[in-house]
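# Structural characterization, general
Listed here are the chains, written in short residue letters.
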Amino acid sequence: MTDCPIFDGLFEFAQLYTGASIDGAIKLNNSETDIAINWSGGLHHAKKSEASGFCYINDIVLAILELLKVHARVLYIDIDVHHGDGVEEAFYCTDRVMTLSLHKFGDGFFPGTGHIKDVGAKEGTGYSVNAPLTDGMTDKAYEDIFKPVMDKIMEIFRPGAIVLQCGADSLTGDRLGCFNLTLKGHAECVKYVKSFGVPTLVLGGGGYTIRNVARCWAYETSVLLDTEIPNEIPYNDYFEYFAPDFQLHLTPEPKDNLNTAVSLEAARTEILQQLQQLQGAPSVQMQEVPPEFDLKKDINAEGINDGGAEDDVREQGNGRTSKGKGDGTRRAHPAEFYDGDKDN
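Remember, it's a predicted structure, so these values are computed and weren't measured experimentally. (Residues numbered from 1 in each chain as written. Predicted model: local features only at pLDDT ≥ 70, side-chain atom pairs only at ≥ 80, totals over all residues. Heavy atoms only, no water.)

What follows deals with the sheet that holds strand 4 (residues 128–133). Ordered by their spatial adjacency, six strands build an open sheet running 1-6-5-2-3-4, and the pairing between neighbours is parallel. Where the open sheet ends on each side, the last strands, each with one partner, are strand 1 (35–38) and strand 4. Along the sheet, successive strands turn relative to each other by an average axial angle of 10°, direction set aside. (Pairing = 2+ DSSP bridges. Helix = DSSP H or I, 4+ residues; strand = E, 2+ residues; numbered from the N terminus. Axes fitted to C-alpha atoms, helices over the stretch in contact; angles between N-to-C directions.)

What follows is the structure, encoded as C-alpha cells:
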C-alpha cells in the first residue's frame, strides 16, 4: 500500500501548500516581512520525480529556489523526527544551501537516510549536516546538540535567509515518532533560530497525533510573535479533542532516553569538526537572476478576506457542547485510528 495515495482534490491541495511556501519566500525576498509562516507546508520527503512519505510536491525546495534568486546562501533546518531526505538530495552538490537535519536514525526507521557521514558531494561537500539520534530524546539533550551546531553554522555559513521545518512528530506521544520532546523544548529551537534576526520561512511538516500538532504550531506561532498565551485551551469548536485536561502544554512520557551523553557528545564533536573544515561562507558569481513568480490571486479565493472587514467570523458558541465544557471525554478524530484503550 502506497504512503502517497491519490485522492480527490490532490492537485489543488498541492497547489495550495506549495504556493503558500513560494509566496512566503517572495515576501521575504521583497522585505515585506521578517518571518513568513506556512504550517501547511514542510513536505520534505518528496523528490523531483517521486512522491514519498505522505509528501507529494516538495514545497521546501521550491521555496529555497525562490530565496536563492535574492540570497547568496540559504540555511535549511529540519526538526522533524524523520530525516529531510528530499531537501538534502536536491541541494547535495551545492554550497549555496546548507541543510541541517536532527532525526531518528537506525532500526529501519523511515526514510533510512541521514547518516552523520552523509556530508554532501562535489561543491556541496560539508554542506549537508546530519545529527542521527535515537529513541527518547529529551528537551535538554536536544538543546545541547542543536544550539552549539546552530552557533557554528551561523558563524561559518552566514546565511541570508533561513527555512525552518517544524515537524511536530518529534513531540512526545506522537503516533509515529519516538522522541520525548515537550512543546517548550520543540519551540526552543524556533525561538533560537528567530534570535539570529535572519529572514525566516517557518513551515510545518510531520505530526500524527493531531491534537498535539495543533498545540505545537499554535504555541510556536505565539513564540514567533513574542506573545504569551495561557496554558488553558480556550473554548472552541474542537474543545473536546483536547480532553481530559484541556491544557496546551504536554508532559513527557516516563521512558528512558537512549541517547547517552557519550553518543551525543561524539555526534556534536564530529559535526562541529565537519563545519570547522569549511572555508568560510561561499561566494556567488554574478549571473542572470530568473524572474520572480507572478502570483495572480483570485479576489474570491478562500481566505482572501481573513482578518479584514469582510472576514466570515463564525458565531460564538457554534459547535460547542453544553456550557462549552464537554463531558471530559476526548473526541476521536476521523483521521486517526483507535485500536485500543492505550492507543494514542
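Right, let's talk about the state of the cysteines for a bit. Tallied over the full model, the rule gives zero disulfides. Summary of cysteine pairing: Cys4 is not part of a disulfide, and the nearest cysteine sulfur, belonging to Cys55, is at 6.6 Å. Exposure remark for Cys4: the relative accessible area of 10% places this residue in the buried category. Between Cys189, a cysteine without a disulfide, and Cys166, which holds the nearest cysteine sulfur, the sulfur-to-sulfur distance is 8.5 Å. For Cys189, a relative accessible area of 2% gives the class buried. (Disulfide = S-S within 2.5 Å. Buried < 20%, exposed > 50% of the residue type's maximum accessible area, 1.4 Å probe, protein only.)

Pro111 follows Phe110 through a cis peptide bond whose omega is 0°. Examined against the element boundaries, Pro111 turns out to sit in the loop between strand 3 (97–104) and strand 4. The omega angle of the peptide bond from Ala243 to Pro244 is 5°, so this bond is cis rather than trans. Looking at where Pro244 falls in the secondary structure, it is placed in the loop between helix 6 (210–224) and helix 7 (261–276). The backbone phi angle of Phe246 is positive, close to 55°, even though this residue is not glycine. According to the relative accessible area criterion, Phe246 is buried, its value standing at 13%.

So, about the packing of aromatic side chains. For the coordinates displayed, the defined rule picks out 11 aromatic pairs. Ring centres of Tyr142 and Phe179 lie 6.4 Å apart, and the angle between their planes is 65°; on these two criteria the pair is classed as edge-to-face. One end of the pair, Tyr142, is in helix 4 (residues 139–156); the other, Phe179, is in the loop between strand 5 (161–165) and helix 5 (183–194), and 37 residues separate them in sequence. You can call Tyr142 buried: its relative accessible area is 1%. An aromatic cluster of at least three residues, connected via ring pairs, comprises Phe7, Phe13, Tyr17 and Tyr56. (Phe/Tyr/Trp six-rings, centres within 6.5 Å; stacked < 30°, edge-to-face > 60°.)

This next bit is on the pattern of salt bridges. All chains considered together, the criterion is met by 14 salt bridges. Close ionic contact of Lys104 with Asp135 constitutes a salt bridge, the shortest N to O distance being 2.7 Å. Within this pair, whereas Lys104 is found in strand 3, its partner Asp135 is found in the loop between strand 4 and helix 4, the two being separated by 31 residues in sequence. Residue Asp135 is classed as partly exposed on the basis of its relative accessible area of 26%. Taking the shortest distance from any N to any O, the salt bridge between Lys194 and Asp226 comes out at 3.0 Å. Of the two residues, Lys194 is situated in helix 5 and Asp226 in the loop between helix 6 and helix 7; the sequence distance between them amounts to 32 residues. Here the salt bridges share partners, and the residues they tie into one network are Lys104, Asp107 and Asp135. (Salt bridge = Lys/Arg side-chain N within 4 Å of Asp/Glu carboxyl O.)

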